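Fold and contact review
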Amino acid sequence: MEVAYGLVSYTLAKLFLLSGLSKKDNAQRSKKMEEKALDVYDVIRTIRDPEKPNTLEDLEVVSESCVEVQEIGAEEYLIIIKFTPTVPHCSLATLIGLCLQVKLQRCLPYKHKLEIYISEGTHSTEEDINKQINDKERVAAAMENPNLREIVEQCVIEPDD
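Residues numbered from 1 in each chain as written. Predicted model: local features only at pLDDT ≥ 70, side-chain atom pairs only at ≥ 80, totals over all residues. Heavy atoms only, no water.

With that settled, consider the pairing of strand E2 (residues 76–83). By the criterion of burial, E2 is predominantly enclosed, with six of the eight residues buried. Across six bridges, the pairing between strand E1 (residues 67–73) and E2 is antiparallel. The partner of Glu68 across the bridge, within E2, is Ile80. What sits between E1 and E2 in their antiparallel hairpin is a turn of two residues, with Glu75 showing a positive phi close to 55°. Regarding the hand of the β-α-β motif, the stretch spanning E2, helix H2 (residues 93–107) and strand E3 (residues 111–118) is right-handed. (Buried < 20%, exposed > 50% of the residue type's maximum accessible area, 1.4 Å probe, protein only. Helix = DSSP H or I, 4+ residues; strand = E, 2+ residues; numbered from the N terminus. Pairing = 2+ DSSP bridges. Right-handed = clockwise from strand over helix to strand, strands pointing away.)

The structure is reproduced here in C-alpha coordinates:
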(Lines give C-alpha, C1' and ligand atoms only; values in the text may rest on other atoms or scores of the structure.)
Protein backbone atom coordinates (compact mmCIF):
# COMPACT_ATOMS: atom_id res chain seq x y z
CA MET A 1 0.00 0.00 0.00
CA GLU A 2 2.87 2.36 0.77
CA VAL A 3 4.30 1.73 -2.69
CA ALA A 4 0.98 2.55 -4.35
CA TYR A 5 0.64 5.69 -2.21
CA GLY A 6 4.20 6.65 -3.11
CA LEU A 7 3.54 6.18 -6.85
CA VAL A 8 0.36 8.24 -6.71
CA SER A 9 2.11 10.93 -4.72
CA TYR A 10 5.07 10.97 -7.17
CA THR A 11 2.74 11.08 -10.19
CA LEU A 12 0.73 13.97 -8.75
CA ALA A 13 3.91 15.86 -7.90
CA LYS A 14 5.16 15.47 -11.49
CA LEU A 15 1.80 16.51 -12.87
CA PHE A 16 1.76 19.68 -10.78
CA LEU A 17 5.35 20.43 -11.77
CA LEU A 18 4.60 20.02 -15.47
CA SER A 19 1.43 22.06 -15.10
CA GLY A 20 3.47 24.91 -13.60
CA LEU A 21 6.02 24.72 -16.41
CA SER A 22 3.26 24.80 -19.00
CA LYS A 23 1.80 27.94 -17.45
CA LYS A 24 5.25 29.52 -17.38
CA ASP A 25 5.84 28.60 -21.05
CA ASN A 26 2.43 30.04 -22.01
CA ALA A 27 3.17 33.25 -20.12
CA GLN A 28 6.54 33.57 -21.88
CA ARG A 29 4.96 32.87 -25.29
CA SER A 30 2.21 35.40 -24.60
CA LYS A 31 4.75 38.04 -23.60
CA LYS A 32 6.77 37.32 -26.76
CA MET A 33 3.64 37.78 -28.93
CA GLU A 34 2.82 41.06 -27.17
CA GLU A 35 6.36 42.30 -27.84
CA LYS A 36 6.11 41.29 -31.51
CA ALA A 37 2.75 43.10 -31.75
CA LEU A 38 4.36 46.28 -30.35
CA ASP A 39 7.20 45.93 -32.87
CA VAL A 40 4.65 45.66 -35.69
CA TYR A 41 2.77 48.67 -34.35
CA ASP A 42 6.00 50.69 -34.28
CA VAL A 43 6.42 49.93 -37.99
CA ILE A 44 2.89 50.93 -39.06
CA ARG A 45 2.18 53.88 -36.77
CA THR A 46 4.36 56.25 -38.82
CA ILE A 47 2.64 55.56 -42.15
CA ARG A 48 1.25 58.84 -43.45
CA ASP A 49 -2.36 59.29 -44.49
CA PRO A 50 -2.61 59.67 -48.31
CA GLU A 51 -4.64 62.91 -48.04
CA LYS A 52 -3.42 64.53 -44.84
CA PRO A 53 -0.02 65.32 -43.37
CA ASN A 54 -0.87 63.18 -40.33
CA THR A 55 0.22 59.64 -39.55
CA LEU A 56 -2.20 56.75 -39.19
CA GLU A 57 -1.46 56.84 -35.46
CA ASP A 58 -2.33 60.56 -35.25
CA LEU A 59 -5.68 59.91 -36.96
CA GLU A 60 -6.35 56.83 -34.79
CA VAL A 61 -6.60 54.65 -37.90
CA VAL A 62 -4.20 52.26 -36.14
CA SER A 63 -3.52 51.69 -32.46
CA GLU A 64 -1.59 49.18 -30.37
CA SER A 65 -4.78 47.19 -29.83
CA CYS A 66 -5.36 46.75 -33.59
CA VAL A 67 -2.33 44.45 -33.94
CA GLU A 68 -2.37 40.76 -33.03
CA VAL A 69 0.51 38.33 -33.51
CA GLN A 70 0.23 34.54 -33.33
CA GLU A 71 3.02 32.01 -33.63
CA ILE A 72 2.23 29.56 -36.44
CA GLY A 73 5.57 27.77 -36.62
CA ALA A 74 9.18 27.94 -35.51
CA GLU A 75 9.97 31.64 -35.89
CA GLU A 76 6.97 32.12 -38.20
CA TYR A 77 4.11 34.42 -37.28
CA LEU A 78 0.61 35.36 -38.34
CA ILE A 79 0.11 39.11 -38.09
CA ILE A 80 -3.46 40.36 -38.02
CA ILE A 81 -4.14 44.07 -38.31
CA LYS A 82 -7.60 45.62 -38.03
CA PHE A 83 -7.52 49.28 -38.94
CA THR A 84 -10.29 51.85 -38.65
CA PRO A 85 -10.84 54.35 -41.49
CA THR A 86 -11.62 57.90 -40.38
CA VAL A 87 -15.09 57.81 -42.00
CA PRO A 88 -17.40 54.93 -43.05
CA HIS A 89 -17.18 55.90 -46.74
CA CYS A 90 -13.42 56.58 -46.83
CA SER A 91 -12.34 56.34 -50.47
CA LEU A 92 -8.73 55.72 -49.49
CA ALA A 93 -9.25 52.68 -47.24
CA THR A 94 -7.88 50.33 -49.91
CA LEU A 95 -4.82 52.54 -50.36
CA ILE A 96 -4.23 52.58 -46.60
CA GLY A 97 -4.43 48.78 -46.57
CA LEU A 98 -1.93 48.67 -49.44
CA CYS A 99 0.44 50.94 -47.51
CA LEU A 100 0.20 48.64 -44.47
CA GLN A 101 0.98 45.60 -46.67
CA VAL A 102 3.96 47.23 -48.37
CA LYS A 103 5.57 48.66 -45.26
CA LEU A 104 5.25 45.44 -43.26
CA GLN A 105 6.57 43.31 -46.11
CA ARG A 106 9.62 45.57 -46.30
CA CYS A 107 10.32 46.06 -42.62
CA LEU A 108 9.66 42.82 -40.77
CA PRO A 109 12.82 40.73 -40.40
CA TYR A 110 11.11 37.42 -39.70
CA LYS A 111 8.94 35.02 -41.67
CA HIS A 112 5.29 36.05 -41.46
CA LYS A 113 1.85 35.89 -42.98
CA LEU A 114 -0.17 39.10 -43.07
CA GLU A 115 -3.90 39.51 -42.73
CA ILE A 116 -5.14 43.08 -42.89
CA TYR A 117 -8.76 43.96 -42.31
CA ILE A 118 -10.94 46.98 -41.81
CA SER A 119 -12.42 46.85 -38.31
CA GLU A 120 -15.87 45.35 -38.45
CA GLY A 121 -18.65 47.87 -38.95
CA THR A 122 -16.37 50.83 -39.68
CA HIS A 123 -16.65 51.02 -43.48
CA SER A 124 -19.54 50.69 -45.91
CA THR A 125 -17.66 48.29 -48.23
CA GLU A 126 -15.36 46.56 -45.76
CA GLU A 127 -15.85 43.04 -47.18
CA ASP A 128 -14.80 44.06 -50.69
CA ILE A 129 -11.83 46.05 -49.44
CA ASN A 130 -10.72 43.22 -47.13
CA LYS A 131 -10.64 40.86 -50.13
CA GLN A 132 -8.62 43.35 -52.20
CA ILE A 133 -5.96 44.13 -49.61
CA ASN A 134 -5.38 40.45 -48.80
CA ASP A 135 -5.11 39.31 -52.43
CA LYS A 136 -1.40 39.07 -53.28
CA GLU A 137 -2.01 39.32 -57.03
CA ARG A 138 -4.06 42.50 -56.66
CA VAL A 139 -1.44 44.01 -54.36
CA ALA A 140 1.33 43.18 -56.85
CA ALA A 141 -0.72 44.60 -59.75
CA ALA A 142 -1.43 47.80 -57.80
CA MET A 143 2.28 48.28 -57.10
CA GLU A 144 3.04 48.01 -60.83
CA ASN A 145 1.03 51.19 -61.40
CA PRO A 146 3.65 54.00 -61.25
CA ASN A 147 1.21 56.63 -59.95
CA LEU A 148 -0.10 54.38 -57.20
CA ARG A 149 3.42 53.22 -56.31
CA GLU A 150 4.55 56.84 -55.91
CA ILE A 151 1.65 57.58 -53.54
CA VAL A 152 2.42 54.46 -51.48
CA GLU A 153 6.11 55.38 -51.34
CA GLN A 154 5.24 58.84 -50.02
CA CYS A 155 3.04 57.31 -47.34
CA VAL A 156 5.47 54.65 -46.13
CA ILE A 157 8.69 56.68 -46.17
CA GLU A 158 10.14 57.07 -42.69
CA PRO A 159 9.73 60.56 -41.20
CA ASP A 160 12.82 62.64 -40.53
CA ASP A 161 13.56 62.68 -36.83
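This paragraph deals with the packing of H2 against helix H5 (residues 146–156). Across the interface, H2 lies against H5 with an axial gap of 10 Å and an inter-helix angle of 65°. With respect to H5, the element H2 is oriented roughly perpendicular. In this structure, H2 crosses over H5, and the sense of that crossing is right-handed. Taken together, the residues of H5 that come into contact with H2 (itself represented by Leu95, Leu98, Cys99, Val102, Lys103 and Arg106) are Leu148, Ile151, Val152, Glu153, Cys155 and Val156. For the contact of H2 with H5, a count of residues per class yields nine nonpolar, no polar and three charged. (Axes fitted to C-alpha atoms, helices over the stretch in contact; angles between N-to-C directions. Parallel < 35°, antiparallel > 145°, perpendicular 65-115°, else oblique. Left-handed = near helix turned anticlockwise from the far one by under 90°. Contact = heavy atoms within 4.5 Å. Nonpolar A, V, L, I, M, F, W, Y, C, P; charged D, E, K, R; others polar.)

What follows is about the sheet that holds E2. Two strands in a sheet stick together by hydrogen bonds in their backbones, pointing the same way (parallel) or opposite ways (antiparallel). Here three strands make up an open sheet; going across it, the order is E1-E2-E3 and the pairing mixed. A single partner strand is all that each edge strand has here, and the edge strands are E1 and E3. Across the sheet, the mean angle separating the axes of adjacent strands is 20° when strand polarity is ignored. Set on the sheet, H2 makes contact with E2 and E3; between it and E3 the angle comes to about 165°. Sitting on the sheet, helix H3 (residues 126–133) touches E2 and E3, and the angle it makes with E3 is about 160°.

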